[in-house]
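An overview of the molecular structure
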Amino acid sequence: MRRGFLVIATLFLKASSLQRKRAVLTVAAIAWGTVAILMLLAFGEGLRHQMVKARRGMGENIAVWWSGETSKVWQGLPEGRRILARLDDLDYLRAKMPSATGILGEMTSWQTTLTWDSNTITGRVTGANWEYGELRHHYPQPGGRFFNAHDERDKRRVIFLGNQLAEDIFGDVDPVGEILQVANVPYLVIGVMQPKLQMGTYKGPDEGGAVIPITTFAAQWSRRWLNNVVFKVAEADDMPSAREEFAQALSARYRFDPTDEQVTGLWDTAEGGKTLASEMRAFQIFLGIIGALTLLVGGIGVANIMYAVVKEKTREIGVQMAIGAHRSWITGPFVLQGMTYTLLGGAFGLVIAIVLVLGFQAVPVEHNEAIEFLGKPTLSVEIAVVTAALLGFIGILAGYFPARRAASVDPAETLRYE
Amino acid sequence: MNWPGRTKKNTGSSNGHIIEMRAITKVYDTGKIKVEALRGIDLVVDKGEFVAVVGPSGSGKSTLLNLVGCLDTPSGGTYMLGGEAVAGLDRDQLADVRNRRVGFVFQNFNLLPQLTALENVEMPMLFGGIGRRERRRRAMEHLQRVGLGERVEHKPTELSGGQMQRVAIARALAMEPDIVLADEPTGNLDTGSGSDVMSLLSELWDQGRTLVVVTHDSTLAARAGRVVEIRDGLVVGNQRAVA
């Protein structure tokens with residue numbers, strides 16, 4: 001056993017200094033395949049990150065409820081009744097929904113005139129509870145803030161602007177501290193939202209709207225009913241029980257069948273997030289298969305060259321057999337050679353891919369939505385392991401089949417007269 | 001692989017025969033046609049003999065040599081090499097037998113082109129499991145003995161035909177085999193180199209080695225102690241040289 005290992009190692013070292021030009025081409029083919037698979041997987045990973053991030057742009061693990069209309073008769077009450085939640089339902093819901101970590105209401109006014117200086121535009125104004133900033137990911141840019149519990153309690157006329165809306169009204173001027181006329185009522189601008197990726201929306205992107213305390217909104221527009229109820233859970237797994245609690249609480253208060261999904265139906269982003277995760281995983285597998293096929297072509301190149309070497313060396317193989325080489329001592333060096341070419345190519349490919357990834361990460365992508373959504377290619381341990389396993393597998397195959405042909409050489413046949 | 005009964009150097013059987021072939025046949029089955037290359041050969045070679053095998057092309061000389069050298073196995077008959085039955089050995093066991101008992105010299109030298117003369121001579125010892133240092137020492141010794149002590153680091157392409165054949169002979173001797181088999185060793189050489197190689201072979205015989213040489217070359221055959229003539233797969237002549 002030990003003798004065999006020594007023989008194989010010695011023969012391998014003697015043989016590998018040969019065929020330099022071929023070796024370079026082969027290694028290049030494998031390197032290219034490796035770069036292809038690594039970059040595809042890295043872009044897939046980057047895209048997945050961005051999609052998950054964009055999905056969370058609206059808020060993580062939240063559910064959004066609109067109003068509803070009953071479709072079932074319940075306790076003598078007819079179907080077709082409109083169910084609207086009101087501002088004072090929120091405390092009731094908070095008490096009845098222990099699974100939710102946050103519950104808030106929204107009132108919305110579309111086409112509201114917003115005036116500053118000589119600029120007037122129409123925009124969307126939402127009245128919301130102060131928790132909205134955290135729950136719906138409205139994070140302020142430096143120098144500003146979202147409104148707080150005091151603002152809400154005191155019905156202060158403060159307004160928080162989406163970054164696009166702020167730019168449309170104020171241009172280059174810093175809006176914080178300015179007075180904005182909202183439907184001819186003056187409001188103090190207290191913050192502008194940080195730009196964010198947002199995929200889902202139920203009334204238009206957050207960057208294009210403004211938010212004020214819900215109490216202030218109710219006072220100015222004399223509104224009591226809510227356009228939306230939004231609640232959040234800590235983990236996606238808590239969502240089903242929170243939804244059940246919501247249906248029970250609301251149906252008890254407004255007297256409808258709690259199983260009436262025409263009323264209780266809502267937008268559950270936790271569920272959507274799970275779907276997105278599996279979709280992205282499938283997409284990554286698809287990219288991985290394309291990369292693996294590219295790598296396989298490189299592996300076929302290695303095998304091809306190894307076949308040529310075996311053919312060229314048939315006589316030498318015959319001589320080695322004649323002077324006492326075991327079969328595995330003939331095949332061993334070929335398998336090693338195939339492995340070496342493959343792994344060497346893989347190593348080069350990895351280096352190139354790392355350089356490319358670092359290069360892409362250095363390119364600024366702000367203000368280009370397509371590239372921003374594509375994200376930055378990202379290499380992960382998972383990707384490295386998958387690629388290494390593929391390389392090893394292809395390397396063994398690329399060496400094994402030519403080696404098998406080498407072992408089938410009949411010394412008596414090859415050493416005959418030419 | 002180690003099987004003590006076989007690896008033990010057992011130079012010749014009790015009766016002193018190195019090669020003992022009885023009723024050897026070899027049939028090549030190419031599917032449709034069966035070719036009988038050997039049709040019942042009896043051949044006995046004793047330790048220290050120099051036997052030349054002669055015969056026209058297609059007579060079965062090379063087939064016989066392949067069988068003697070365990071590169072191939074006979075279709076029928078019994079073959080004892082150094083008192084050891086060759087029948088029934090697997091490929092790796094046959095390789096071990098070739099490695100320890102047989103030294104090959106080919107018409108076209110068959111040196112490994114990427115290796116130096118020294119490395120070529122070391123190769124059988126590498127397969128024989130001999131340590132690195134000992135390999136080097138013995139390879140140097142053999143190369144000096146064939147007069148190539150100055151050219152050990154040369155590759156085959158840097159050597160003349162005669163020199164290549166001498167390297168091949170040094171390689172054949174590396175494992176101190178029971179028998180040296182040469183297939184037309186002078187066939188690719190000019191007259192001068194050819195006679196050098198012949199002298200070298202005669203010298204080996206004088207040192208007590210056993211040689212079997214297949215040749216067309218009557219000068220070489222004339223140097224042998226015995227000439228075996230093959231025709232149509234049968235031994236038709238077997239005469240000792242008159243000293």
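Everything that follows concerns the structure shown earlier in this document.
Throughout what follows, the structure given in this document is the object of discussion.

Cut-offs applied
- Residues numbered from 1 in each chain as written.
- Chains lettered and ligands numbered in written order.
- Predicted model: local features only at pLDDT ≥ 70, side-chain atom pairs only at ≥ 80, totals over all residues.
- Contact = placed C-beta atoms within 7 Å.
- Helix = DSSP H or I, 4+ residues; strand = E, 2+ residues; numbered from the N terminus.
- Nonpolar A, V, L, I, M, F, W, Y, C, P; charged D, E, K, R; others polar.
- Axes fitted to C-alpha atoms, helices over the stretch in contact; angles between N-to-C directions.
- Parallel < 35°, antiparallel > 145°, perpendicular 65-115°, else oblique.
- Left-handed = near helix turned anticlockwise from the far one by under 90°.
- Pairing = 2+ DSSP bridges.
- Buried ≥ 20, exposed ≤ 12 C-beta atoms within 10 Å, placed from the backbone.

1. Here's the deal with the interface of chain A and chain B
In this complex, chain A contributes 21 residues to the contact, which on the side of chain B involves 24 residues. Elements represented by at least two residues in the side of chain A that touches chain B include exactly α1 (2-16), α11 (314-322) and α15 (411-414) of chain A. Examining the composition of the side of chain A that touches chain B, we find that 5 residues originate from one element, α11(A), more than from any other. Split by residue class, the side of chain A that touches chain B holds 11 nonpolar, 3 polar and 7 charged.

2. A look at the packing of helix α2 (residues 20-55) of chain A against helix α12 (residues 327-362) of chain A
All names here are of chain A. In the contact formed by α2 and α12, the axes pass within 7 Å of each other and the chain directions differ by 45°. Put simply, α2 runs oblique to α12. The way α2 lies across α12 gives a crossing that is right-handed. Of α12, the residues touching α2 (which contributes A23, T26, V27, A29, I30, A31, G33, T34, V35, L38, M39 and A42) are Y341, T342, L344, G345, G346, F348, G349, L350, I352, A353, L356 and V357.

3. Quick word on the pairing of strand β4 (residues 102-116) of chain A
All names here are of chain A. For β4 and strand β10 (residues 228-232), the ladder comprises 5 bridges, and the chain directions are antiparallel. Residue pairing across strands places L104 opposite V230, the latter belonging to β10. Inspection of the sheet shows β4 paired to strand β5 (residues 119-128) by 9 bridges, in the antiparallel sense. Bridge pairing links W116 to N119 in β5. Between β4 and β5, which pair antiparallel and follow one another directly, the connecting turn spans 2 residues, one of which, D117, has a positive phi of 55°. Examined bridge by bridge, β4 and strand β7 (residues 179-182) share 2 bridges and lie antiparallel to one another. Residue pairing across strands places L114 opposite V182, the latter belonging to β7.

4. A word on unusual backbone geometry
Peptide bonds are trans in most cases, and residues, glycine excluded, mostly fall at negative phi. Residue and element names in this part refer to chain B. One non-glycine residue with positive phi stands out, namely A23, at about 50°. Its identity is not glycine, yet F109 carries a phi of approximately 65°, on the positive side. Checked against the element boundaries, F109 lands in the loop between β6 (102-105) and α4 (117-127). Owing to 22 C-beta atoms within 10 Å, F109 belongs among the buried residues under this scheme.

5. Let's talk about the packing of helix α6 (residues 161-173) of chain B against helix α7 (residues 191-206) of chain B
All names here are of chain B. Between α6 and α7, the shortest axis-to-axis distance is 9 Å and the interhelical angle comes to 20°. The angle between the axes of α6 and α7 places the two elements in the roughly parallel class. Two packed elements cross with a definite hand, and for α6 against α7 that hand is right-handed. Along the contact surface, α6 presents G161, G162, Q165, R166 and I169, while α7 presents S193, D196, V197 and L200. Residue composition of the contact of α6 with α7, by class: 3 nonpolar, 4 polar and 2 charged.

Function cannot be read off these values alone, since they describe shape.
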